Amino acid sequence: MFLILNWSAIPGLSRHHWGTDLDVYDNNSNQGNALNLTLQNYQKGYQKYFSKWLRENIEQFGFYYPYYQDLTDGVQMEPWHISHIKTAHNYELSLSLNEVRNFLESDNIHILGKGEILKNIKFIYENYIERYFSKRK
Ligand SMILES: [Zn+2]
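- Looking up the chain in an unreviewed UniProt entry gives the name D-alanyl-D-alanine carboxypeptidase-like core domain-containing protein, with the organism given as Paraphotobacterium marinum.

This is the structure:
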């Protein structure tokens, strides 16, 4: 039921929208290939050397990987997705289950399946949003 959330955030709730999270790649290693943000490319393909460097250096630049675990009920592993800890933490502190619920319940928010999302919002918030915070509240 929540499969789509393994790959895509609920509209309005993506960490990218905070302006603190980026998807990164090494353009020089692309060798003319179309960019594909896939585990295969980051683990064994043309992004593997960049990915190794990023993993070894990410902390010294103040970033972390929110989606670096391979989870069943959760966002899939994304070794290209990085988050600036200090600035993301400010958003995390202001976000809560009630805040998310109120946002989605707003009449201005039109999302297919909104009723199902709201019925399961506690599970969704805990498994697809809060668990990736840089620091737990
Ligand atoms: Zn991303």
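Still to come is the rest of the account.
## Remarks on the overall build of the chain
Alright, step 1. Broken down by element type, the chain carries 6 helices and 3 strands.
Alright, step 2. Ordered by position in the sequence, the α and β elements of the chain form the string β-α-α-β-β-α-α-α-α.
Alright, step 3. If one aligns the C-alpha atoms of the chain with their principal axes, the spans along those axes are about 45 × 30 × 25 Å.
Alright, step 4. Scored against the burial criterion, the 137 residues of the chain give a buried share of 42%.
Alright, step 5. Considering only residue pairs separated by 6 or more positions, the chain has 59% of its internal contacts joining residues 24 or more positions apart.
Alright, step 6. Only carbon and sulfur atoms are counted for the fraction: they give 51% of the accessible area of the chain, which is about 8,500 Å².
Alright, step 7. Computing the positive centroid from 14 side-chain charges and the negative centroid from 15, the chain places the two 4 Å apart.

## Some thoughts on the side chain of Gln47
Alright, step 1. Among the secondary structure elements, Gln47 is positioned in the loop between helix H1 (39-43) and helix H2 (48-57).
Alright, step 2. For Gln47, a relative accessible area of 0% translates into the label buried.
Alright, step 3. Every residue in contact with Gln47, bar those within four places of it in the chain, is listed here: Tyr25, Asp26, Ser29, Asn30, Asn41 and Tyr42.

## So, the packing of aromatic side chains
Alright, step 1. Enumeration according to the criterion identifies 8 aromatic pairs in this entry.
Alright, step 2. Three or more aromatic residues joined by ring pairs make a cluster, and in this case those are Phe2, Phe123 and Tyr128.

## Describing the nonpolar core
Alright, step 1. The biggest cluster of nonpolar side chains holds 23 residues, and the ones touching the most others in it are Ile10, Leu104 and Ile124.
Alright, step 2. When contributions to this core are tallied by element, the ones reaching two or more residues are helix H4 (97-105) and helix H6 (121-128).
Alright, step 3. When residues in this core are grouped by element, the largest group, 4 residues, is from H6.

What counts as what
- Residues numbered from 1 in each chain as written.
- Predicted model: local features only at pLDDT ≥ 70, side-chain atom pairs only at ≥ 80, totals over all residues.
- Heavy atoms only, no water.
- Helix = DSSP H or I, 4+ residues; strand = E, 2+ residues; numbered from the N terminus.
- Buried < 20%, exposed > 50% of the residue type's maximum accessible area, 1.4 Å probe, protein only.
- Contact = heavy atoms within 4.5 Å.
- Areas by Shrake-Rupley, 256 points an atom, 1.4 Å probe, with all protein chains shown as cover.
- Lys, Arg positive; Asp, Glu negative; His and termini not counted.
- Charge placed at Lys NZ, Arg CZ, Asp CG, Glu CD.
- Phe/Tyr/Trp six-rings, centres within 6.5 Å; stacked < 30°, edge-to-face > 60°.
- Core = buried A, V, L, I, M, F, W, Y, C linked by side-chain atoms within 4.5 Å.

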